[in-house]
Number of protein chains: 2
Amino acid sequence: MPHRPAAGPRGAARRTLRTGPDIAMKILSGTALAASFEDDLKREAAALTGQGIRPGLAVIQVGEEPATQVYVRSKVKTAERVGMHSVDHKLPATVTQADLEAVVDRLNRAPHINGVLCQMPLPPHLDGGRITRLIDPLKDVDCFHPYNVGLLALGEPRFLPCTPAGILELLTRSGIAVRGKHTVVLGRSNIVGRPLSILLSQKGWDATVTVCHSRSEGLVELARQADILVAALGKPEFVRAEMVKPGAVVIDVGVNRVADPTARRGYRLCGDVHFAGVAPRTSAITPVPGGVGPMTIAMLLRNTLVGVRLQHGLAEG
Amino acid sequence: MPHRPAAGPRGAARRTLRTGPDIAMKILSGTALAASFEDDLKREAAALTGQGIRPGLAVIQVGEEPATQVYVRSKVKTAERVGMHSVDHKLPATVTQADLEAVVDRLNRAPHINGVLCQMPLPPHLDGGRITRLIDPLKDVDCFHPYNVGLLALGEPRFLPCTPAGILELLTRSGIAVRGKHTVVLGRSNIVGRPLSILLSQKGWDATVTVCHSRSEGLVELARQADILVAALGKPEFVRAEMVKPGAVVIDVGVNRVADPTARRGYRLCGDVHFAGVAPRTSAITPVPGGVGPMTIAMLLRNTLVGVRLQHGLAEG
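Everything numeric in this text was worked out from a predicted model, so none of it was measured. (Residues numbered from 1 in each chain as written. Chains lettered and ligands numbered in written order. Predicted model: local features only at pLDDT ≥ 70, side-chain atom pairs only at ≥ 80, totals over all residues. Heavy atoms only, no water.)

## As for the sheet that holds strand β3 (residues 56-62) of chain B
All names here are of chain B. Within the open sheet, the 3 strands sit side by side as β4-β3-β5. Their pairing is parallel. Unpaired on one side and paired on the other, β4 (85-91) and β5 (115-118) mark the two borders of the sheet. Averaged over all neighbouring strand pairs, the angle between strand axes comes to 15°, with direction disregarded. When β3 meets β4, the two strands line up parallel, connected through 7 bridges. Counterpart to L57 in the pairing with β4 is S86. (Pairing = 2+ DSSP bridges. Helix = DSSP H or I, 4+ residues; strand = E, 2+ residues; numbered from the N terminus. Axes fitted to C-alpha atoms, helices over the stretch in contact; angles between N-to-C directions.)

Below you can see the structure in the form of C-alpha cells.
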C-alpha cells in the first residue's frame, strides 16, 4: 500500500501534494502539531512550577493489556517531557473494587496531583462507571465525569475531552475553518463522536453537524455531503473514496490492528479511512498513526494544567 | 389563514386529511395524546398515594411576567388533575439571590416534594446558573442540572428534559419510527435542540441527526433532506414549504407571539413553521398551539414520578 509518511516530529505540520488538476492535498501531521503544542505546555508548566506548583498527573492502570500499556507509557513520557510529574499506578487485574476506589480516593485528596484518570476498559468484575463518577470532577482530565460532560453539553466546559479537543486544535492550527460548514461525524461514542459533534455545533465553532452510525440509512450519500468528514467508528478502512466529496477534509480517528503476516509484529495499524484511496480526493487528511493520536495526549496534558488552575483558583494561563 | 384545528382533548390523536394525490397528512394532536398520557400518570400517582407517597411538585416563580404565569398555572393545574399535590412559590421580582437559594434549599430537603423547578429566565440581578446547579439532582424534573445533562449525553439518563421527551413520546404514540431516518433539528438550544439531537441519535432511537442553526450554510437544502424535521429556532413561521421534503414529518416546537390587531389580545400565537403552506406537503405535522406544548407538561409530571422512585429507591412503575 502506498502509505504516505507523516511529517517528522519537528517537521512541517502539513505536506502539500498536488493530487489532481485542482486539489492540493495536505497531510495534517498531528505529530508535528503536538510537538509545537508541547512547547506551549512546557512554558506553562515551567511558569507554574516557578510559582511552586509542579503540575502532576496520575494514571491508574489495571492489569497488563499490552495496548493499554503502550498508551499509558506514552502519556507518562509526554507528561515528563513537558515538565510535569506523573504517577503511574499499576494495579493487578485481580484488584478489588474497594481497593481501586481507595486508590482513586487517595489521588483525589493528594495535593500534588492535579489530574487523575483510570485507563478503561476495566476487567469485567470492576464497575468502571462508579470509578468514573468517583474521580473528583476538578481532577477529571479525561472529561468523563457526568458533571463535566453536562457542562460540556451546556456550552460551559471546564475540561474538554481529549480526542475531540485534539481534533479541534488540529483543525484550528491547520487553518481549517468549520463555521457554517457541514461536518459529518461517523460514530456516536461517548469518547469521540458524541462530544465532538456537540462541540462542533456549539457557538464559537458553529458547524452544521450530522451524526451517522451503523444504523444510518444512506450513509454513503450523507458522508459525501461533508465538507469535513470525521471517521470514528472503529472499523478498519471503512471510508472509501466514493464516500468523500472531492476537496473535503478527512479526519481519521480510528486506530485498528489488522493482521499482516508481513509485518514484524504480525499486524499493522490502520485507521477508519482507506488512506491510499481517499487521500488523493481530499484537500487535507490525517494519517494513522501520527494524526489525531499525538494531539489527544497533548490535550490530556493541557487538561492537567486546567486542573491546576481550577484547584488553585488561578485565572487561565 | 386556514388554521386547521387540533383534535379535541379527548378526540382522536390524529386527523387524517387527503392533501394531494399521494400524501395523507395527519395532524399530531399533542393535546389529545397528553390527555391519554395523563390517564397513565393518574394511575401511577394513585398507586403511589396508596403506598403513602403522594407525589409533589414545587414550582418557583420570580416576578410576574404574564407568559410565565400562564405556563406555571398550566403546570400546577395539570399536576392537580393527575392527583399530585403542587406548590407554587411566587417570589417578588426583587427577591435576593440568598433568599431564592434558601427557598430552593428548603424544597430540596422537603420530604413531600419530589420535583423542584425554577421558572426561567430570572431577573438579571439573579444568577440562574447557580440556582440550576443548586437544585437537588434527584429532584431536577426539568433535567437542567449539569449532572443530569451529563447522564443524558452519556446515554444513562435518569430524567429526560421535558420538551425533547414530549416530542419523542408524541412520535412513538403516533407510530412514527425514527430508526435509521434522517432527522434535521433546526436549533441548538440547551432546552430543546441540543438534548433532542443527542437523544435521537442514541442507541434505541438510532436516528441520523443533523443539527442546523442560524449560521448553517445551505439550510434550505439541508432541511429538505429531512424525513423528520424539527423546528426549534424561535423564529415565527421560519419553515416554508420549499424547506420540506414531500411526505416528511414536521414537528413545530416554536411558540411565538406575533402582533395581530384583529386578535382580541392584539397578538396571535404561531409556531416556527408556516403551517398553512407546509402542512399539505407533510405526512404528519404538529399544530401550534396544541402540539408539543401539552406533551411537555405531561413529561414534567412523568419526571415528578421518576423523582419519587429515585428518592424512595423504588423500581420503575
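There's more to say after this.
## Topic: the sheet that holds strand β3 (residues 56-62) of chain A
All names here are of chain A. If you trace the 3 strands from one edge of the open sheet to the other, you get β4-β3-β5, paired in parallel fashion. Among the strands making up the open sheet, the edge pair consists of β4 (85-91) and β5 (115-118). Adjacent strand axes in the sheet meet at a mean angle of 15°, parallel and antiparallel pairs treated alike. Running at roughly 160° to β4, helix α2 (residues 66-81) makes contact with β3, β4 and β5 of the sheet. Lying over the sheet, helix α10 (residues 292-312) contacts β3 and β5, oriented at roughly 125° with respect to β3. (Contact = heavy atoms within 4.5 Å.)

## Thoughts on the packing of helix α2 (residues 66-81) of chain B against helix α10 (residues 292-312) of chain B
All names here are of chain B. Direction vectors running N to C along α2 and α10 enclose 55°, while the axes themselves pass 10 Å from each other. Our classification of the angle between α2 and α10 gives oblique. As for how α2 packs across α10, the hand of that crossing is right-handed. Touching S74, K75, T78 and A79 of α2 are I297, L300 and L301, all from α10. Across the contact of α2 with α10, the residue classes tally to 4 nonpolar, 2 polar and 1 charged. (Parallel < 35°, antiparallel > 145°, perpendicular 65-115°, else oblique. Left-handed = near helix turned anticlockwise from the far one by under 90°. Nonpolar A, V, L, I, M, F, W, Y, C, P; charged D, E, K, R; others polar.)

## Here's the deal with the relation of the copies chain A and chain B
Least-squares fitting of chain A to chain B yields an RMSD of 0.0 Å, with the transformation described by 0.0 Å of translation along the axis and a rotation of 180°. The symmetry that links the two subunits is that of a two-fold axis. When the interface residues of chain A are mapped onto chain B, 100% of them again fall at the interface, so both copies present the same face. (Least-squares fit on C-alpha atoms with pLDDT ≥ 70 in both.)

## Side note on the domain arrangement of chain A
All names here are of chain A. On domain assignment, one finds that chain A holds domain 1 (14-30 + 160-295) and domain 2 (56-113 + 119-151). Listed by partner, the interface residues are 5 residues for domain 1 and 5 residues for domain 2. Across the interface of domain 1 and domain 2, roughly 390 Å² is buried in total on both sides, 64% from carbon and sulfur atoms. In terms of surface lost to domain 2, no three residues of domain 1 exceed P161, C162 and R257, which account for 59% of the buried area on that side. In this assembly, domain 1 and domain 2 are joined by 0 salt bridges. Here the side of domain 1 that touches domain 2 is composed, by residue class, of 4 nonpolar, no polar and 1 charged. (Domains from an automatic or database assignment. Buried area = accessible area lost by both parts, 1.4 Å probe. Salt bridge = Lys/Arg side-chain N within 4 Å of Asp/Glu carboxyl O.)

## Looking at the interface of chain A and chain B
With 36 residues of chain A in contact, the opposing surface of chain B contributes 36 residues. Carbon and sulfur atoms make up 49% of the surface buried where chain A meets chain B, a total of about 3,000 Å² over both sides. At the junction of chain A and chain B, the tally comes to 8 salt bridges. Between B:D206 and A:R215 there is a salt bridge whose closest N-O contact spans 3.6 Å. The interface formed by chain A and chain B holds 22 residue pairs in polar contact (both at pLDDT 80 or more) in total. Taken together, the elements giving at least two residues each to the side of chain A that touches chain B come down to α5 (146-153), α7 (193-200) and β7 (208-212) of chain A. Looking at the side of chain A that touches chain B, the element that brings in the most residues is α5(A), giving 6 residues. Residues belonging to the side of chain A that touches chain B are distributed by class as follows: 13 nonpolar, 13 polar and 10 charged. The sheet contact formed by β7(A) and strand β7 (residues 208-212) of chain B spans 3 bridges and is antiparallel. When the sheet's bridge partners are listed, A:V209 is paired in β7(B) with B:V211. (Polar contact = N/O pair within 3.5 Å; in protein donor to acceptor, adjacent residues only side chain to side chain.)

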